[in-house]
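Overview (structure and organization)
In case you want the letters, here they are:
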Amino acid sequence: MPSKTDYFSSHWPSVVRELSCELLRQVAAGEPLATTFYPAISRVLADFRPGAIAIVRQRGMDWGLEPAFAAPSDFRIAAVPEVVISSALEAQFIGHDSGWVAAAIASKDRAPSVLVVQLPRAAVDQVDALRPLMIGLAELAALLLQIAGDQAARAAEIQRLTTMLEIAATWQQQRDWSELLESMAEAATQLLDAQRASIFLWDRRRSLLVGRPAMGVEGGQLEVDDSAGIVGAVLGSGTAKRWDASDSESEVNRKPDAQLQFQTTSLVAVPLDNRNGKRMGVFEVINKRDGRFTDQDEQVLKELAVHAAAAIENSQERERLAQNCDKLALAVAENVQVIGESPAIVTLRKTSDRVAKTDLSVLILGENGTGKEVLARSIHLSGARRHEPFIAVNCAAIVETLLESELFGHEKGAFTDAHEARAGKFEIANGGTLFLDEIGDMSLSGQAKLLRALEEKVVVRVGGFTPISTDVRVLAATNQPLAELVRQKRFREDLFFRLNVVTLKLPPLRERGDDILLLAQHFLEDFAHKQGHRVPTLSAAAARALRSHLWPGNIRELRNLIERVSYLCTSDVIQPSDLSFSQSPSEQSDAQRLANKSLNEATRQFQIQHIQSAIQRAGRNMTEAAAMLGLHRSNLYRKMKQLDLETIDD
Ligand SMILES: Nc1ncnc2c1ncn2[C@@H]1O[C@H](COP(=O)(O)OP(=O)(O)OP(=O)(O)O)[C@@H](O)[C@H]1O
């Protein structure tokens, strides 16, 4: 091969120099020479009236046309006498009496090739004149072929890297573990033009390599001894290895072949190491379709292995995170339980467990502080949405003008204080649960907008135009008699039915019997734990006092009371005198508190309160309490049983 400075100097005839300038300019401009090369040579040789022109190249034992240039379609390689080609290779140039002249194309790393030209008989005399021209053209062809070869190699490298990046990107997004391994095997078989590929992950504990995918094996997974065969050797040494039938048979482990009913004839295996260099396994590709695996195949597999190891590690990390997340959700769910063993609560828990598994809308009814939000959270945490957000909105706490923006969000400048765009609760809760507390307090116009969002599953931010799809489960709660509000036209009937697919009613604490003590115990343990104290016990009298209190503030009141006791009581046993029941505002007016009740219920509640008050005033002496109430002691007991009150022995 001449060096670049030779082209335009010494021995090239000027026409070849001119042609080289023209063709190199084309190459520099990125124009392919495939179709222009032969016409250009024909021009240079025009005076010799050439017939056929071509570059032939050795292919195994035969000769074929040089694929880089498009030879004329009527060129018949068989017409070129073999001796012309072989002589040219030996002597650089030959003019043969058959009319063919040929010049060898020098090349270090390409198969031998020769420029052959057929001349009319008359021109054979001019062979001497042709010699410098042919040698110059052959040297130019060598240079161009080298450039074309370099360009093709660069294009192939770019293509390979692009494919590799695409593969790596898909792997990073792959969520399913077995699909990930299958996709790795497929990419490797394609890129290396092989029959099969497997990823062997190292199970150190069992000293096994677990190979996936493994076609034909039950469970699609193959287990081999981690020191056996080539895969074992690569795992142990950390260096890549190639093998084919000409190598020692003893190196391969034939057991997998027997299991897979397959015959390994060649293989390449490289180690799979994680980012910190820790060995994870081996990536193996089997049976090159055409010949044996090359250096380049090994290199490609090594690069694939880097991406594969990263994707496998990410996927394992994701799986670990998901498991941790599950554990966390479980731990949270354990903390958010509807505590209680009273029949009403047991039934409620059964129903709520069932609805948790669905996406049905649930309306939770109950007085203030009965645990409506706790129930809503437990439904969320027991359902498929538990890893997604739980967003609670207190509809009564938001002024009407802001409700829409709170729920649906707003765009910047939508109103005076909208200094920047903000997502609404529907958007934030996307994928999860939206808990609409105090729904009975929502204005009629707010109700209309909410209904539209629920029906269309789409929201539009205030001041915006783009519909935003939402996938939200809605749980609503109220302490108001919602059906009554519908009758009074203060709550939309259509929204009522939309929210009220399932109704769960939380009973007031005073109707939950011994649940009061279970809850009290729960809070005692909780606060003692927070303070790092021993859990105090309730004296029998204190337990009775808790049981007989009316709990207008329900569980919230109980929790606050236990919190106070936990912090203030210094003894290990809690006495009735430690229980400072706070005066509820509702207790100030029985008439007000009982206003919504039926006459029967109001009478029942009045009787309960009146009896409890008498018992307390009588210092828990039942005979005295009965006397204060103008009843016989046994009548008082009967009455208390009727009212489901716990009786006290004197
Ligand atoms: N099962 C429970 N376990 C522990 N705490 C509970 C439980 N149920 C209710 N509570 C506590 O009682 C208080 C009131 O509960 P929650 O807020 O769920 O009631 P609510 O009915 O939604 O009240 P409101 O009607 O005032 O919104 C909270 O402090 C809550 O932590």
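What you see is a predicted model; the values in this text were computed from it and never measured. (Residues numbered from 1 in each chain as written. Predicted model: local features only at pLDDT ≥ 70, side-chain atom pairs only at ≥ 80, totals over all residues. Heavy atoms only, no water.)

The next subject is the pattern of salt bridges. Under the definition given, this model contains 34 salt bridges. The salt bridge involving Glu22 is made with Arg43; its shortest N-O contact spans 3.1 Å. On the criterion of sequence distance, the pair formed by Glu22 in helix α2 (residues 14–28) and Arg43 in helix α3 (residues 37–44) is long-range, its members being 21 residues apart. The partly exposed category is assigned to Glu22, whose relative accessible area is 29%. Judged by relative accessible area, which is 52%, Arg43 ranks as exposed. Connected via shared salt-bridge partners are Arg242, Asp295, Glu298 and Lys302. (Salt bridge = Lys/Arg side-chain N within 4 Å of Asp/Glu carboxyl O. Helix = DSSP H or I, 4+ residues; strand = E, 2+ residues; numbered from the N terminus. Buried < 20%, exposed > 50% of the residue type's maximum accessible area, 1.4 Å probe, protein only.)

Once that is clear, we can look at the domain arrangement of the chain. Accessible area lost upon the coming together of the parts is a frequently used measure of interface size. Under the domain assignment used here, the chain contains domain 1 (4–153), domain 2 (174–320), domain 3 (336–507) and domain 4 (589–650). Averaged C-alpha coordinates put domain 2 and domain 4 at centres separated by 80 Å. (Domains from an automatic or database assignment.)

A separate point is unusual backbone geometry. Phi at Asp193 takes a positive value of approximately 50 degrees, unusual for a residue other than glycine. Relative to the elements of secondary structure, Asp193 occurs in the loop between α6 (177–191) and β6 (194–203). A positive phi angle, near 55 degrees, is found at Glu438, a position not held by glycine. Within the secondary structure layout, Glu438 lies in the loop between β16 (433–437) and α14 (444–456). Judged by its relative accessible area of 16%, Glu438 is buried.

Pairing within the open sheet is antiparallel, and its 6 strands lie in the order β8-β7-β6-β11-β10-β9. In this open sheet, the two strands that pair with only one neighbour each are β8 (222–225) and β9 (241–244). On average, adjacent strands in this sheet sit at an angle of 25 degrees to one another, irrespective of strand direction. The pairing of strand β7 (residues 208–212) with β8 spans 4 bridges and is antiparallel. Note that in β8 the partner of Val210 across the bridge is Glu223. (Pairing = 2+ DSSP bridges. Axes fitted to C-alpha atoms, helices over the stretch in contact; angles between N-to-C directions.)

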